[in-house]
Amino acid sequence: MQQREEKQLETSIDALITRVAHLKASLQSFIIKLETEYDRLTWPSVLDNFALLSGQLNTINKLLRNEKTPAFRNQVIIPLLLSQDRDEELAKLTEQRVPVFSHEIVPDYLRTKPDPEVEEQEKQLNTEAARMGTDVAQKQIQALNKLCTNLLEKLNNPREDRESENAAIRQNKPTFNPADTNALVAAVVFGKGLSNRRPQGSGGSVPPGQTVGGAGPMLSGGPTLQQVTMPGAPNQQVAMGPQVPNQPGQPGKMPSSIKTNIKSASMHPYPR
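Residues numbered from 1 in each chain as written. Predicted model: local features only at pLDDT ≥ 70, side-chain atom pairs only at ≥ 80, totals over all residues. Heavy atoms only, no water.

**Q** Kindly report on the side chain of Thr-69, identifying the contributing residues and their values.
**A** Positionally, Thr-69 belongs in the loop between helix 2 (43-65) and helix 3 (88-93). Here Leu-63 takes part through its backbone oxygen, which lies 2.7 Å from a polar atom of the side chain of Thr-69. Excluding residues within four positions of it along the chain, Thr-69 makes contact with Gln-8, Ser-12, Leu-63 and Leu-64. (Helix = DSSP H or I, 4+ residues; strand = E, 2+ residues; numbered from the N terminus. Polar contact = N/O pair within 3.5 Å; in protein donor to acceptor, adjacent residues only side chain to side chain. Contact = heavy atoms within 4.5 Å.)

**Q** With reference to specific residues and values, describe helix 2.
**A** Given a rise of 1.5 Å per residue, 23 residues ought to cover 33 Å, and the 33 Å separating the end C-alpha atoms of helix 2 matches this to within 8%. Listed as buried for helix 2 are Val-46, Asn-49, Leu-53, Gln-56 and Ile-60. At its buried positions, helix 2 is contacted by helix 1 (2-36). (Expected span 1.5 Å × (residues − 1). Buried < 20%, exposed > 50% of the residue type's maximum accessible area, 1.4 Å probe, protein only.)

**Q** Help me get a handle on the packing of aromatic side chains, residues and values and all.
**A** Per the counting criterion, the structure on display carries one aromatic pair. For the ring pair Phe-30 and Phe-50, a centre distance of 5.3 Å and an interplane angle of 70 degrees mean the geometry is edge-to-face. Of this pair, Phe-30 sits in helix 1 while Phe-50 sits in helix 2, placing them 20 residues apart in sequence. On the accessibility criterion, Phe-30 (7% relative accessible area) is buried. (Phe/Tyr/Trp six-rings, centres within 6.5 Å; stacked < 30°, edge-to-face > 60°.)

**Q** Please set out the confidence of the model for the protein residue by residue, giving values where relevant.
**A** Of the residues in the protein, 68% reach a pLDDT of 70 or more, and the chain-wide mean stands at 75. Here strand 2 (residues 237-240) stands out as the least confident element of the protein, with mean pLDDT 45; helix 2 is the most confident, with 91. Counted against residues more than four places away or in other chains, residues 202-206, with its pLDDT under 50, gives three contacts. This stretch, residues 247-252, has a pLDDT under 50; its non-local contacts, to residues over four places away or in other chains, come to three contacts. (pLDDT = per-residue confidence, 0-100.)

**Q** Outline a nonpolar patch on the surface, supporting the account with residue identities and numerical values.
**A** Taken together, the side chains of Leu-184, Val-185, Val-188, Val-189 and Phe-190 define a hydrophobic patch exposed on the protein surface, amounting to about 570 Å² of accessible area. Note on placement: Val-188 falls in helix 8 (residues 178-189). Among the residues examined, Val-188 registers a relative accessible area of 65% and is labelled exposed. (Patch = residues over 30% accessible without salt bridge, like charges linked within 9 Å, V, L, I, M, F, W, Y side chains within 5 Å. Areas by Shrake-Rupley, 256 points an atom, 1.4 Å probe, with all protein chains shown as cover. Salt bridge = Lys/Arg side-chain N within 4 Å of Asp/Glu carboxyl O.)

**Q** Which residues make up the pattern of salt bridges, and what values do they have?
**A** Within the structure shown, the criterion is met by seven salt bridges. Salt-bridge contacts for Glu-88 lead to Arg-86; the nearest nitrogen and oxygen are separated by 2.9 Å. Lys-113 serves as the salt-bridge partner of Glu-119, at 3.8 Å between the closest nitrogen and oxygen. Owing to a relative accessible area of 23%, Glu-119 belongs among the partly exposed residues under this scheme. For Lys-113, a relative accessible area of 55% translates into the label exposed. Taken together, the shared-partner salt bridges connect Lys-24, Glu-95 and Arg-97 into one network.

**Q** So, a negative patch on the surface: which residues are in play, and what are the values?
**A** On the surface, Glu-5, Glu-6, Glu-10 and Asp-14 cluster together into a patch of negative charge. Of note, Glu-6 is situated in helix 1. (Lys, Arg positive; Asp, Glu negative; His and termini not counted. Charge placed at Lys NZ, Arg CZ, Asp CG, Glu CD.)

**Q** Account for the nonpolar core, with residues named and values stated.
**A** If you look at the biggest cluster of nonpolar residues, it comprises five residues: Leu-23, Phe-30, Val-46, Leu-53 and Ile-60. Sorting elements by how many residues they give to this core places helix 2 first, with three residues. Each residue touching Leu-53, except ones within four places of it in the same chain, is listed here: Leu-23, Ser-26, Leu-27 and Phe-30. (Core = buried A, V, L, I, M, F, W, Y, C linked by side-chain atoms within 4.5 Å.)

**Q** Describe the side chain of Ser-102, listing the residues and the values that go with them.
**A** Here Ser-102 is to be found in the loop between helix 3 and helix 4 (106-109). Apart from residues no more than four positions distant in its own chain, Ser-102 is found in contact with Leu-82, Ser-83 and Gln-84.

**Q** I'd like a description of unusual backbone geometry, backed by residues and values.
**A** Unlike most non-glycine residues, Glu-95 shows phi in positive territory, near 55 degrees. Tracing the backbone shows Glu-95 in the loop between helix 3 and helix 4. Phi is positive for Gln-96, which is not a glycine, with a value near 65 degrees. Structurally, the position occupied by Gln-96 is in the loop between helix 3 and helix 4.

And the structure:
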């Protein structure tokens, strides 16, 4: 009978070690993806990895609840030999995590209770829960239940509904700034915020009414254009290019370039 129980215990431990090894490999693969492929990782792929881990954990729980699996809590592990020397077999079994089975690590690896710090935090939480009133606790429970209910409703909604809601939100989102639009309309219609200074041309600004080169008054609004009457064409006027101001001591003298243009225009009074 005892040999049968020992055989059954050994078989259950081997199966449990195999399942835990599979779970460990899946965790390592998922962590590597999160660290190296986070920019290309999609949410469906993350859900698939979580589903794989959840399935493996459920398999381990079923194995532990199986009728043929002995109750591991009834098994006690007692250290028979403690040494400060390196144990190669132990290092191989633990993947180089525990090379020495000494007095320092035995209390941590064979512990059946939480760490003292964890126990102290648990005691503080229990004390605070005992001091909390029933009404306050009930309000917090109701608030938490409400949040969980809203979250479950959002998760249970069809994907199409969520996509339509997101599309409506994007459609109703304003794509302009009303303040900038009002300022632009005021500037175009009323000239609000615009400068009253006229831009200067290449030859400088000339006050209205002043003659340039003795050829006549300047056009209002055009700093560098002038109307010149052509000889031989009574009603013909030509808009000349940039004007050259009078030189000192030579009042009313017309530049040679303008004379050439006027002479050429007088030969052909009508445009072709």
